[in-house]
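# Observations on the three-dimensional arrangement
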Amino acid sequence: MKLIITSLALLTCLVAAHPANAHATASGPSTAQTAAISNDFSFVRYRADHEVNADATSVSTENVEILLKTKAAIDQFSQVYQSYSEKMETLEVLSAYTLTADGQRHDVEPERIYTQASHSSAAAPIYADHKVRVIVFPNLAPGNRLAYQVRRTRKIPHFPGYFSLWNTFSLFNQYENAEVTLTAPADMPMNVFSRDVQGSNTATLSDGRAHWRWQYQRAQPLAVQNRAAPVWTFSPTIMASTYGDWTQLAKAYQLKAKPAAEVTPAIRVLAEEITQGVTERRAQAAALHHWVAQNIRYVAVYLGNGGLEPHSAQSVLDHRYGDCKDHVVLLEALLAAKGIASSPVLIGAGGGPILSSIPLVERFNHVMTYLPEFDLYVDSTSPWARFGQLPADDLGAPVLHTHDARLAYTPHRDFVRNRSSVTVDLVFDPSGNLHGQTRLELSESDEIYQRAQFSQLNAQNRTAVEESFMAASGMDGHGRIEMKGDPFDLNLPFSSTYAFQANDFIDFSMVGGIVVPTPPGSWSIRSLASSAAAPANATPFSCDVGQREETYHVEFPAHIPIIAIPANQHFRNAAGEYRAQWTRKGQRVSVHHRIQLNAMRGNCKLCQPEDYPEIRALFQQAHRGFRGQIVHGKLSGLQ
């Protein structure tokens, strides 16, 4: 599990989505799996027919009929979006209508089917080929159905000779009748994998064509789980690819990406300007990376959602914006100008450690840079990461190095990269008011995230954010954020403290007990229990290495007797270890909580349902540890 500091809703609304976090789900899902995890609707009919030509162009037709059961489903499906690349394919809406419960059909009017630019296209003209087709359905009510048929004609394959198919039927959804067909030339190499569907991976041959057909039904969707890995890793799935190994995919990407990284005179001049006075090679690489991250605006056109060919490095430099592929190609050119080798790497950011069973470019949703001289991965789409730091979603992810066509993993979360701590000082005055301070020591990924948050802090929103910190902790009072460092200065570490006051927090006129409060401005170990609240878990889930420590120092007024403090606690199992150590020195009581999480099956594997009781037991024990009370007051006041 990722141990990260909770983002407060107000501050999060002020911060643009972190680019790397935008890649959190692996690409590849079709309509059958991208619908929300819910029993608010069911797929009455889902059919996808894929016809592949000898040159790997293709025509795919999708028929969908959905029964809407609740208002939530109506809100979700009132508009259906289909994205496509205008350069590489055409998308036609062949039909779209609503069926009322009494059998009346209401066709979607032509003007209610329209095309709009994607967000990235609107932000940057060079991405104008990325479009979204929108279908707005009329007469929606619980018990009604909506239906549509779309045809997608792929005019240009992602790579020469490359065709791919990926259909996953989420166990969390209901399917009354689902069917997928695939036809291709009989002599076309087609690698096929399927799991938990009816049908064969072996083709039937007729008229020089190979044919595959799969069917699937699920009457009762699986209940939503507290913890679940990406849906495709455990749900019924169909995959097909004309590429037989990952090497083909790497070489195909490099075929387009390498020429784009040409070192032009302007790029060479810029590289010299950026590194002027810097002689150490790693420092030069850091300066170039920092320049790209800070000066090239990120425009999100995700890998697998349109063309996979980066723009030329010079074009990216001229426009000063680009997607992840463009960031990488410009950084590669700048590094090459200084004689520093680098390689684009395709990464499945945020999608867990598992690769698809056959080579699919859709398994990768992001591109970043690898520097072999320093054995270092860097992500220049993250403007808040210091050189060598990686956002949380980039850690422990499978990558494909395109220069030398090899598979690897980014650094896994460990007790160095994924360790964070908080120290909370709590001082009570005789009236029971509380003066405190929360001090943070951030993990690498937490530091990146907090830089992004606090870069948006200003005079207009600061007070509201500080008030939200108090509200989130349940305290009545006020506080002040103090930054430790400059969020824009990536040469030095960054963190923060939060000084606060809470009024009438405790009543010292009677004997009572106090638990250490949730620290304002920070996340607490005690909240882990909510992620394992269910008694069982039916799906695989991620279980990463991590460590979190919380230290509380509670200072009582001199005249208040401290009657008792809790006993120390220690719990260990396969999922990890939890400790709570209590000490007292005069009127000061301190407690140190520490939880350490293990990757129960290793860094490159998911935990399984049978592992869930271990992590549930660990989290419950930690939650109980925070119930311990410091008992205070004069016993003579008791009846």
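Residues numbered from 1 in each chain as written. Predicted model: local features only at pLDDT ≥ 70, side-chain atom pairs only at ≥ 80, totals over all residues. Heavy atoms only, no water.

A few words now on the state of the cysteines. Counting across every chain of the model gives one disulfide. For Cys543, the disulfide goes to Cys607, at an S-S distance of 1.7 Å. Between Cys543 and Cys607, the S-S torsion sits near 80 degrees, and that sign places the bridge as right-handed. Taken together, the residues Cys543 in the loop between strand 27 (512-514) and strand 28 (546-555) and Cys607 in the loop between strand 32 (588-597) and helix 12 (612-625) connect sequence positions 64 residues apart. Accessibility expressed as a relative area gives 3% for Cys543, which makes it buried. On the accessibility criterion, Cys607 (0% relative accessible area) is buried. Counting only cysteine sulfurs, Cys543 is the nearest neighbor of Cys604, a cysteine outside any disulfide, at a range of 12 Å. (Disulfide = S-S within 2.5 Å. Helix = DSSP H or I, 4+ residues; strand = E, 2+ residues; numbered from the N terminus. Buried < 20%, exposed > 50% of the residue type's maximum accessible area, 1.4 Å probe, protein only.)

A word on helix 12. Think of an α-helix as turning once every 3.6 residues; residues three or four places apart then point the same way. In this model helix 12 runs 20 Å from its N-terminal to its C-terminal C-alpha over 14 residues, within 8% of the 20 Å that 1.5 Å per residue would give. Within helix 12 the residues assigned to the buried category are Tyr612, Ile615, Arg616, Leu618, Phe619, Gln621, Ala622 and Gly625. The secondary structure elements touched by the buried residues of helix 12 are strand 30 (569-573), strand 31 (576-585) and strand 32. (Expected span 1.5 Å × (residues − 1). Contact = heavy atoms within 4.5 Å.)

Under the criterion given, the structure shown has 25 aromatic pairs. When the centroid spacing of 5.1 Å and the interplanar angle of 20 degrees are considered together, the rings of Phe169 and Tyr216 count as stacked. Of this pair, Phe169 sits in the loop between strand 9 (164-168) and strand 10 (175-185) while Tyr216 sits in strand 14 (residues 209-218); the two residues are 47 residues apart in sequence, bridging distant segments of the chain. Phe169 gets classed as buried once you look at its relative accessible area, which sits at 1%. Here the aromatic rings of Phe541 and Tyr612 are separated by 6.2 Å at their centres, their planes lie at 90 degrees, and the arrangement is edge-to-face. Placement of the pair is Phe541 in the loop between strand 27 and strand 28 and Tyr612 in helix 12, with a sequence separation of 71 residues. (Phe/Tyr/Trp six-rings, centres within 6.5 Å; stacked < 30°, edge-to-face > 60°.)

To continue, consider the packing of helix 6 (residues 265-274) against helix 9 (residues 324-337). Where helix 6 contacts helix 9, the axes come no closer than 8 Å and their chain directions differ by 70 degrees. The pairing of helix 6 with helix 9 is recorded here as roughly perpendicular in orientation. In this structure, helix 6 contributes Ile267, Arg268, Leu270, Ala271 and Glu272 to the contact, and helix 9 contributes Leu330, Ala333, Leu334 and Ala337. Tallied by class, residues from the contact of helix 6 with helix 9 come to seven nonpolar, no polar and two charged. (Axes fitted to C-alpha atoms, helices over the stretch in contact; angles between N-to-C directions. Parallel < 35°, antiparallel > 145°, perpendicular 65-115°, else oblique. Nonpolar A, V, L, I, M, F, W, Y, C, P; charged D, E, K, R; others polar.)

Now for the nonpolar core. Phe428, Phe500, Phe556, Ile595, Phe619 and Ile630 are the most contacted members of the largest nonpolar core, which totals 50 residues. Secondary structure elements with two or more residues in this core: strand 23 (419-428), strand 24 (434-441), helix 11 (462-473), strand 26 (495-502), strand 28, strand 31, strand 32 and helix 12. Excluding its chain neighbours within four sequence positions, the residues that come into contact with Ile630 are Gly512, Gly513, Ile514, Val554, Phe556, Ile562, Ala564, Ile565, Trp582 and Val589. Residues Val52, Ala96, Met190 and Val197 belong to the second largest nonpolar core, which totals 44 residues. (Core = buried A, V, L, I, M, F, W, Y, C linked by side-chain atoms within 4.5 Å.)

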